[in-house]
Amino acid sequence: MKELSKQYEPSKTEDDIYKMWEESGFFNPDNLEGEPYSVMMPPPNVTGVLHLGHAMEQSIMDIMIRYQRMNGKKTLLLPGTDHAAVATQAKVEKILIADGMKNPREELGRGKLLEEIRDYAENSKSTIISQMRKMGASCDWSRLSYTFDKERSIAVNTVFEKMYNDGLIYRGHRVINWSVKGQSTCSDDELEHMERPAKLYTFKYSKDFPITIATTRPETKLGDTAVAVNPNDKRYKRYIGQIFTVDVGAKNPLQIKVIADSGVEKDFGTGALGVTPAHSPIDFAMYEKQKSQNNPIELIQVIDKHGKMTEAAGSDYENLTVEEAREKFVIYLKENDLLEKEEDIIQNVGTSDRFGDVAEALPMTQWFIDVNKKIPGKDESLKELMKTAVSTGHGNDIKNKINITPDRFESIYFSWIDNLHDWCISRQVWWGHQIPVWYLNDKIHVGSTAPSNEWTQDPDTLDTWFSSGLWTFSTLGYPEKTTDLETFHPTSWMQMGHELLFFWMARMILMSTYTLDEIPFKDVYIHGLVRDEKGNKFSKSSGNTLDPLDVISEYGTDALRLSCISGISPGNDLKFYTKKVESGRNFTTKLWNIGRYITNATENEISLTKDTSLSSADTWILTKLQETVKNVTKDIDKYNFSHASEILRSFTRDDFADWYVEIHKVEKNDAVLIHVYKTLLKLWHPFIPFVTETIWQEMFNEEKILMIVKWPTLEIKLEQNKTSFDAIKELITHIRNIRATYTVPANSEIDITVITTDDQNVIEHTDLIKTLTKVKTITTQDEDSPQIESASAVFENYKLYVHLANIIDIKKEKQRITDDISKTQQYIDSITKRLDSEQFVMRAPKHIVETEKENLQIAQIKVLKLSEHLKNLTN
RNA sequence: GGGUGUGUAGCUCAGUUGGUUAGAGCGCUUGCUCGACAUGCAAGAGGUCUCAGGUUCAAAUCCUGAUACACCCACCA
């Protein structure tokens, strides 16, 4: 066996190891056999560099993929990036503005600005890709995708056309959310609701108007065309259907019709609602409802897309900003004695998540996806498709059900679906898939290319989630019927943060079930956010950002990967701090050092066979190993990555390094030592691929690289005599614990009598224990009062210490043992009481009764042992 | 307003369908170079499991209520 170097230095070896993996070709499933297993990497936005959240995702995904690969699957982890339409354009515009440009869109024009954004995106893309490599992600680079590349654009256009032809995409004039700052629409999901102080004004349109209404947006009242009341409200019933003409200063006097709407609450506010169809989604819904009931009301737009008042608002208000208009209108109300009340309230407003301004509701012609319409040839709408995929399974086949971990997200998902409105997919930014629709006069053509030169393309682009929704199959060659698509779709597993549940997961389900009639993935694992030690989000503004690359260069990738998955549980946030990385780094060092011991202490690589004779310690460690293999496998299968790493760590440290390696120094069994270590390397590989592969390469002469070595299985049959070693362990520990009770005469040897239970195996090992516990020479200076020079004495041949430096306090030790005895006695009493209790005997399951009896026996033996020691002390 | 999650050692969290005397890592105290490891080893201190009821032979675990924090959703004018 080759020797390992003194220290493990990740920064010197990681890049070479990654290169070796990549060149081996096994990142590519084409070079692997077995059942397909595919994971699509959530494509990071090309808006910047990867942060710790990505580091966590990369870790989780790569653990899963490496685990599956070692289990003999034909694994595909497909990497990619997302052009992130609005987000990227907003980001680049912000940079340009910071560099002194006033209005990048006007100053550069579409072509030049797109060039700027493209440069930025390409740059960001290559950074992101190199970061993924640094993380050790074992993805197939030959299939690298980008939501905005040629193949993906074809997929986008194809799906758009299909939906359009199915009548699911329509162009409509409706009230949408508009970001004045970004000059673009945003979907309902892209709004971030924020609380802010506002004033609630209660007023009448005019002196003789019979109904008082309230509003936080007085300026929009210039566009009111109705007042809605509850149909059962006695106060207002008689006015329903009447039209009042009021002049509030708008261009034309307002024709206010009193309408009935059961959505209006009688007891809330004045019980009446001023209806502004053009500037409120609810009011617009009433407008549509009235229209469908042949009782139409007007729609007057008083705010334009620049956030200024329109001509319809009247000459007093035209061209004022909404704030100015609000002030002016309130003054008007006051002057005419129409204002009844002015209160301070907290209001919830929707702001654009990318541009940050409060979204304005405006009526506009936009493209929508109809989620409620029945899909031709099916009896379901898109909404229903999205629902059944997670409830009864796609096509009502439970085999096609998407499982979400943790499952509480399923009900969150359903309630979101219930509130889902038509999805506005057109955006007025330039960075994105331009809508594949062409116009010539009144004619419309849908397709990637124009029928002829005279046609002009719709200038708008698609919501970025349209293309992201196709990710599971656009990456596999769709619309071509490729073997990849056939082999890897539906994908096996998907992981994402809970913030993407609606944005992305829902849309993937929609797109995949609609387009391919397949679910996009079988299982989804939802993880939380990465937060700092104090629980804050990592963000530039709070200045707590940590670059994963810095962490890697200081501690190594494996340390980062370990810290990213330790302490996580599905759906819950993770707190990240450097102590965690440190302990990860320390652990990789530990693993390395065990390897160093093995190369020092053993001659040849001997493998474990049926004929290898096993001591009780050997059997014990092998049994423990098998348990560990079983539990780690179970945990990964259930996505308990953190727990898997914990039990592995505990086995490696507490059982293998602290006990077995020490015992190996006395009872050499190289075959077992090497077997356990190699198995450990395999088990650890998905978590910490670099250090394990490095050790594998440097120490052993294996044909296969560790990455594709078979995952350990439970193949060795062992005689179950583990109890014997556990008993020995317990005894040794106990002897260690009582070490301090002996005063040591100068130059003497101490014999510690081992008290055995009547366990056969323990008796067999008594001699071993005796040699192990014989204390070596102690040098003291003075025979009468033992001043101990050497601070410790060593159990012969064993690295177990007897500490003698600050002993001598026999009183204290007696007290300790006495306490221990009384505590144990209490326990015995309580168990006995329980065992005696009739109800317990009647109702407790059999195995519980047995366990309790065993416990009682153990406790009694303990008391016996302790009393014996106490007696020794007293003598 | 509706919903979800969380409250366990100083800190970060485990705690498997109720069943040993409630665990780990970090931190803290004490001691220590023994043939890999001070990025280490050994020992130790530290917990009315948020609170109050209830179910049970048995509750950190199940039920009810309270309370604190976090998050998500929503058209209360």
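These numbers were taken from a predicted model, which means no experiment stands behind them. (Residues numbered from 1 in each chain as written. Chains lettered and ligands numbered in written order. Predicted model: local features only at pLDDT ≥ 70, side-chain atom pairs only at ≥ 80, totals over all residues. Heavy atoms only, no water.)

Draft legend 1. Quick look at the pattern of salt bridges. Considering all chains together, one arrives at 36 salt bridges under this definition. Arg-531 is the partner of Asp-573 in a salt bridge, and the nearest nitrogen-oxygen pair spans 2.6 Å. Here Arg-531 lies in strand β24 (residues 530-531) and Asp-573 lies in the loop between α15 (557-565) and β25 (574-575), a separation of 42 residues in the sequence. Several salt bridges converge on common partners, so that one network encompasses Asp-30, Asp-140, Arg-143 and Asp-484. (Salt bridge = Lys/Arg side-chain N within 4 Å of Asp/Glu carboxyl O. Helix = DSSP H or I, 4+ residues; strand = E, 2+ residues; numbered from the N terminus.)

Draft legend 2. Just the pairing of strand β2 (residues 74-78), in detail. Along β2, 5 of the 5 residues are buried, which leaves the element largely enclosed by surrounding structure. Pairing of strand β1 (residues 36-40) with β2, which is carried by 5 bridges, proceeds in the parallel orientation. Opposite Val-39, over in β2, you have Leu-77 as the bridge partner. Running through helix α2 (residues 52-70), the crossover from β1 to the neighbouring parallel element β2 is right-handed. (Buried < 20%, exposed > 50% of the residue type's maximum accessible area, 1.4 Å probe, protein only. Pairing = 2+ DSSP bridges. Right-handed = clockwise from strand over helix to strand, strands pointing away.)

Draft legend 3. Region of the structure containing unusual backbone geometry. For the peptide bond that leads from Tyr-478 to Pro-479, omega is 10°, which places it in the cis range. When you line up the elements, Pro-479 lands in the loop between α11 (471-474) and α12 (483-488). The peptide bond linking His-489 to Pro-490 adopts the cis configuration, its omega dihedral lying at -5°. Positionally, Pro-490 belongs in the loop between α12 and β22 (491-497). Although it is not a glycine, Asn-441 sits at a positive phi angle of roughly 55°. Within the secondary structure, Asn-441 is located in the loop between β18 (437-440) and β19 (443-446). Classification of Asn-441 as exposed rests on a relative accessible area of 72%.

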